[in-house]
Structure formats: C-alpha cells, structure tokens
Amino acid sequence: MSEPKWLDRDEMRAWRGYVAMSEMLEACLSQDLRKAGLSSADYTVLVLLAEAPDGSLGLGELCTEAQWSKSRVSHQIRRMQGRGLVVREGDESDPRRARAVLTDRGAEALRAAAPVHVNGVRRYLLDHLTPEQQASLADIAISVLPHLSPAPLPPELRPDPSGH
C-alpha cells in the first residue's frame, strides 16, 4: 500500500470543520426531534413517505432514498409500526416485496415535528450563512454526493429543467 497523501493545513481545516459542524448539527437537530417524540431516523422515514405520491414507498425504494441498508430500513419500519406511525403492507404489484405506508398517526407526528425541525435547521445553520454561502453549500453537496453513492441526487439538488 502506498503512502497516503496527507492533508495539508487548509485541507485539514476544511475537513475538521466539516466533521465538527456535521456532528454537532446532527446532535442539536436530533435533540430537538426527541423533544417532539421522534428520532432523526423516524423523521427521515416520515418525510420520505409524506413526499411519496400515495404516502407509501417500497422498502427497496426507502433504502435508496434514505441511503440505508435493507436491515436498517427493516428494523426502523418495525419500530415505527409498533408505535403506529407506519404500516408494512404487501406490494400489490409484487407479493414478494413490502411497502411502508404512512398512517394518520405518522402524518400527525410529522406535522407536529416539522416546525421544530425547520426552526432548528434555521437556528443552527441557515441563519448563520449568507445566501451565497447557502448556494456554495448546495454546490458542494452536488459535487460530492455522486461520488459517494449511485443514488440520484435528492430532488432539491437536481438541476431545474426549466432553467429557473
């Protein structure tokens, strides 16, 4: 194995700053969500299901959208089903597959937690960035994400076909 190309001072500053910010931001947002009765994983699943056209996703689709393993998705859905936030149903088009479906209780939990989450995103991150810095942050994500996963970019990061 060849000698690694060690980070220079500026690269180390960028990397360490990103790691510290990412971990602290996630901790703060998670703490806020816990006060609203949800984990970060619960919130992720509820958002993805709420954004799906019929409030449901195949478990494979959920793996792709959340960037989680099949095992993690299966365990998460089981925990959430036990609390009445989602139900697991057979897929009508393929009985070998299962779907996660948002329940009324899950939709209500999301409605209650969403303001808490968005307020945290603003308070902990966006309020401290200029519009130019926010655009740079999105540009960085667009540059890096395709090298981390074959999954398509989230819709918010995809180019607007109309050019707006």
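Provided above is the structure to which this section pertains.
A. Structural detail: the overall build of the chain. Helix and strand content of the chain: six helices and three strands. Along the chain direction, N to C, the helices and strands of the chain fall in the order α-α-β-α-α-β-β-α-α. Along the first, second and third principal axes, the C-alpha atoms of the chain reach 55 × 40 × 40 Å. Considering the chain as a whole, with its 164 residues, one finds that 29% of them fall into the buried category. Considering only contacts in the chain between residues 6 or more positions apart, those separated by 24 or more positions represent 52%. Element-wise, carbon and sulfur atoms account for 57% of the exposed surface of the chain, whose accessible area totals about 11,600 Å².

B. The sheet that holds strand 1 (residues 56–58), seen in detail. The strand order across the open sheet built from three strands is 1-3-2, with neighbouring strands paired in antiparallel fashion. One side of each edge strand has no neighbouring strand; the edge strands of this open sheet are strand 1 and strand 2 (86–91). Ignoring which end each strand starts from, the neighbouring axes of this sheet average 30 degrees apart. Note that strand 1 and strand 3 (residues 94–102) share three bridges and pair antiparallel. Following the sheet pairing, S56 is matched in strand 3 by V101. Sheet strands touched by helix 4 (residues 70–82): strand 2 and strand 3. Its angle to strand 2, the strand with the most contacts, is close to 125 degrees.

C. Quick look at unusual backbone geometry. We note that Q67 has phi near 60 degrees; this positive angle belongs to a residue other than glycine. Relative to the helices and strands, Q67 resides in the loop between helix 3 (59–66) and helix 4. On the basis of relative accessible area, Q67 is assigned to the partly exposed category, the value being 45%.

D. Expanded view of the pairing of strand 3. Of the pairings in the sheet, the one linking strand 2 to strand 3 comprises six bridges and is antiparallel in character. Each bridged residue has a counterpart across the sheet, and for R88 the counterpart in strand 3 is A100. Where strand 2 folds back on strand 3, the antiparallel hairpin that results is connected by two residues.

Parameters at a glance
Numbers given to residues run from 1 along each chain, matching the order in which its sequence is written. For a predicted model such as this one, the threshold for reporting local features is a pLDDT of at least 70, and the threshold for listing and counting side-chain atom pairs is 80 or more; totals across whole chains, interfaces and linings nevertheless cover every residue. The side-chain quantities take in all heavy atoms of the structure and omit both hydrogens and water. Per the convention used, a helix needs a DSSP run of H or I reaching at least four residues, while a strand needs a run of E reaching at least two, with both numbered from the N terminus. The rule is simple: take the accessible area with a 1.4 Å probe, protein chains only, and divide by the maximum for that residue type; under 20% is buried, over 50% is exposed, in between is partly exposed. Whether two residues are in contact is decided by their heavy atoms: any pair within 4.5 Å suffices. Note on areas: Shrake-Rupley with a 1.4 Å probe; residue coverage comes only from the protein chains shown. Here the rule is simple: two strands pair whenever DSSP picks up at least two bridges between them. Axes here refer to lines fitted to C-alpha atoms; in helices the fit is confined to the stretch in contact. Angles between the N-to-C directions go from 0 to 180 degrees.

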